[in-house]
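# Architecture at a glance
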Amino acid sequence: MITQLRRMWKLRVRTRVRRLAIGVAVLLGLIGYALLLWKGPWWLDGSHIRERDLQPADGVVITGLRTMLVALGAALVAGLGLMYTHLNLQHTRDKDREQAELTREGQVTERYVEAIKLLGSDNETERLGGIYALERIMKDSEKDHWTVVEVLASFVRNHCERQDDTHIVEVDGEHGTLTVSNPPTRDGVAAFEVLCRRPDRPEAHRVDLRNVTLHEVHIEGGRLQGFDLSEADLRKATFVDCNLKSARLNGAVLEEATLATCNLSRVTFDGASLAGARFHNLSLEKTSLRSTQMDETRIDEASMKQADLSGASIVDVLFSDVSMHEARFEDATILGTTVFRNAAGLTPEQFAPAAVAPGTELPAAILQVLNLRSEIESIPRRTLGHEDH
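Bear in mind that the values here come from a model prediction, so they are computed numbers and not experimental data.

Basis of the calculations
- Just so you know, the residues in each chain are numbered from 1, in the order the chain's sequence is written.
- In view of the model being predicted, local features appear only for residues whose pLDDT reaches at least 70, and side-chain atom pairs are presented and counted only at 80 or more, with totals across whole chains, interfaces and linings using the full set of residues.
- Hydrogens and water are ignored here; the side-chain numbers use all heavy atoms of the structure.
- Numbered from the N terminus, helices here are DSSP runs of H or I no shorter than four residues, and strands are runs of E no shorter than two.
- Only protein chains enter the accessibility calculation, which uses a 1.4 Å probe; a residue whose area is less than 20% of its type maximum is buried, one above 50% is exposed, and one in between is partly exposed.
- The contact criterion used throughout is that any non-hydrogen atoms of two residues lie within 4.5 Å.
- Areas reported here follow the Shrake-Rupley algorithm with a probe of radius 1.4 Å; residue values treat only the protein chains shown as occluding.
- Pairing between strands is defined by DSSP: at least two bridges between the two strands are required.
- Expected helix span is computed as 1.5 Å times (number of residues minus one).
- Between N-to-C directions, angles span 0 to 180 degrees; the directions come from axes that are lines fitted to C-alpha atoms, helices contributing only their stretch in contact.
- A patch consists of residues whose relative accessible area exceeds 30% and which take part in no salt bridge; residues with like charges are grouped when within 9 Å of each other, and nonpolar side chains (Val, Leu, Ile, Met, Phe, Trp, Tyr) when within 5 Å.
- We count a salt bridge whenever a side-chain nitrogen from Lys or Arg sits within 4 Å of a carboxyl oxygen from Asp or Glu.
- Under this rule, positive means Lys or Arg and negative means Asp or Glu; His and the chain ends count for nothing.
- One atom stands in for each charge, and that atom is NZ of Lys, CZ of Arg, CG of Asp or CD of Glu.
- When two cysteine sulfur atoms lie within 2.5 Å, the pair is treated as a disulfide.
- Here a polar contact is recorded for every N or O atom pair within 3.5 Å, except that within protein the pair must consist of a potential hydrogen donor and a potential acceptor, and residues adjacent in sequence are included only if both atoms are side-chain atoms.
- Oblique is the label for any angle not under 35 degrees, not over 145, and not in the 65 to 115 range, which are roughly parallel, roughly antiparallel and roughly perpendicular in turn.
- A crossing counts as left-handed when the near helix is turned anticlockwise from the far one by less than a right angle, and as right-handed when that turn is clockwise.
- In the scheme used here, Gly and all other residues not listed as nonpolar or charged are polar, with Ala, Val, Leu, Ile, Met, Phe, Trp, Tyr, Cys and Pro taken as nonpolar and Asp, Glu, Lys and Arg as charged.

### Here we look at the overall build of the protein
- Looking only at helices and strands, one finds 7 helices and 15 strands in the protein.
- The buried share of the protein, reckoned over its 389 residues, is 35%.
- Long-range contacts, defined here as pairs at least 24 residues apart, represent 25% of the contacts in the protein between residues at least 6 apart.
- Here the protein has roughly 23600 Å² of accessible surface; of this, 54% comes from carbon and sulfur atoms.

This is the structure in structure tokens:
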């Protein structure tokens, strides 16, 4: 309170000093102008005007000079008047703009409050109305962009929280376990779709969508850049022409999912399940696929430069027309009928630290080197075994 009073007092003092300075300047200007009208002719053209016994010729010169000074004074006054009018109009416009902005913000606040009320409704239709109302606010108000994003992300987490149920089943006389995830709600999917088509603006944090269930969701042209979908259930989901750059999908379930024409650069799939997934015509450059479960996965027409597949379980996977320059396979297990067809950039050194099954289809040059290494490494064991016998 004291600080506010001090600020108000300083503002008043500054205003008074400014007004006093303007008054003094105007007074000095008027005095100077009066002196100029009185003595100006002699100051400006004293060599042609007598000091005493003025003649008609002197009067003509004096009158002409004073007329010129009056005209200049009138022009100056007119200019100052125009400047004052311009500044006054600009000030009025600024006030009108501020008032319009305050009115608009008030309206946005009212719309936001009403939308939040609809989100808490027990009626699904009203909740959907609240979701789309928030989308409109997010597009219209850049200031409220992140607030709306966090509200919608919270709505998705609450309404699509992943809950896995494990059931004991019997197949061919043998018992096993079957894990079933709860289906997503329609309004939760709608909120997720709104987040995927949010305006492209800078965001300070990731959109937190961890441990949600969104299987069979279909997104085209979505902006999922920076999403955190760790442990999410996205089985049978479809993403077409989407930007997932730098997204997190650690431990996510993407079984039988389809991703086509997407940007997956720098995405982390560590520990994810990609069984039966289809990756087509996309970028997986510098993507982390460490310890992923890839069973009957298909990746074609993709770039996997510097991708990290360390510790991955690769079973019956098809890599077709894939660029794999500097891809890493440390401690990876490649089993079944995995095929590397037209995989550019592969070298024998990449597969040296991996466990590669005999049924793996590799380029002939790489397969020849690996077979040769296998034969060389097996020679000492054979010799030792023969001596022991």
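### Brief notes about the sheet that holds strand 15 (residues 355-356)
- Taken in spatial order, the 4 strands line up as 9-11-13-15 in an open sheet, and their pairing is parallel. The open sheet is flanked by strand 9 (293-295) and strand 15, the only strands paired with a single partner.

### Observations concerning helix 4 (residues 145-159)
- With 15 residues, helix 4 extends 21 Å from end C-alpha to end C-alpha; this agrees with the ideal 21 Å at 1.5 Å per step.
- Buried within helix 4 are the following residues: H145, V148, V149, V151, L152, A153, F155 and V156.

### Points about the sheet that holds strand 12 (residues 318-323)
- Read from one edge of the open sheet, 7 strands run 4-6-7-8-10-12-14, paired in parallel fashion. Each having just a single partner strand, strand 4 (218-220) and strand 14 (339-341) make up the two edges of the open sheet. Adjacent strand axes in the sheet meet at a mean angle of 10° when their direction is disregarded.
- Relative to strand 12, strand 10 (residues 298-303) is paired through 5 bridges, and the arrangement is parallel.

### Overview of a positive patch on the surface
- Judged by side-chain charge, R6, R7, K10, R14 and R18 come together as a positively charged surface patch.
- Mapped onto the elements of the fold, R14 is located in helix 1 (residues 2-45).
- By relative accessible area, R14 is classed as exposed at 56%.

### Details of the state of the cysteines
- Inspection of every chain in the model, using the stated rule, returns 0 disulfides.
- Here C196 stays unpaired: no disulfide links it, and the sulfur of C242, its closest cysteine neighbor, is 6.8 Å away.
- C196 gets classed as buried once you look at its relative accessible area, which sits at 2%.
- With no disulfide of its own, C262 lies 4.8 Å from the sulfur of C242, the closest cysteine sulfur.
- Given the relative accessible area of 4%, C262 is considered buried.

### Side note on the pairing of strand 10
- Here strand 8 (residues 278-283) runs beside strand 10; their pairing, made up of 5 bridges, is parallel. Following the sheet pairing, S283 is matched in strand 10 by S303.

### Things to note about a nonpolar patch on the surface
- On the surface, L20, V24, L27, L28, I31 and L35 cluster together into a nonpolar patch covering about 560 Å² of accessible area.
- By the element assignment, I31 lies in helix 1.
- For I31, a relative accessible area of 44% translates into the label partly exposed.

### Looking at the side chain of D308
- Along the polypeptide, D308 turns up in the loop between strand 10 and strand 11 (313-315).
- A polar contact of 2.5 Å, which involves the side chain of D308, links it to the side chain of S310.
- With residues near it in sequence (within four places) discarded, D308 still touches T287, S288, L289, R290 and R328.

### Describing the packing of helix 3 (residues 124-140) against helix 4
- It is the contact of helix 3 with helix 4, at a shortest axis distance of 9 Å, that shows an interaxial angle of 155°. Relative to helix 4, helix 3 is oriented roughly antiparallel. Between helix 3 and helix 4 lies a crossing whose hand is left-handed. From helix 3, R127, I131, L134, I137 and M138 reach across to helix 4, where they touch H145, V148, V149, V151, L152, F155 and H159.
- Tallied by class, residues from the contact of helix 3 with helix 4 come to 9 nonpolar, 2 polar and 1 charged.

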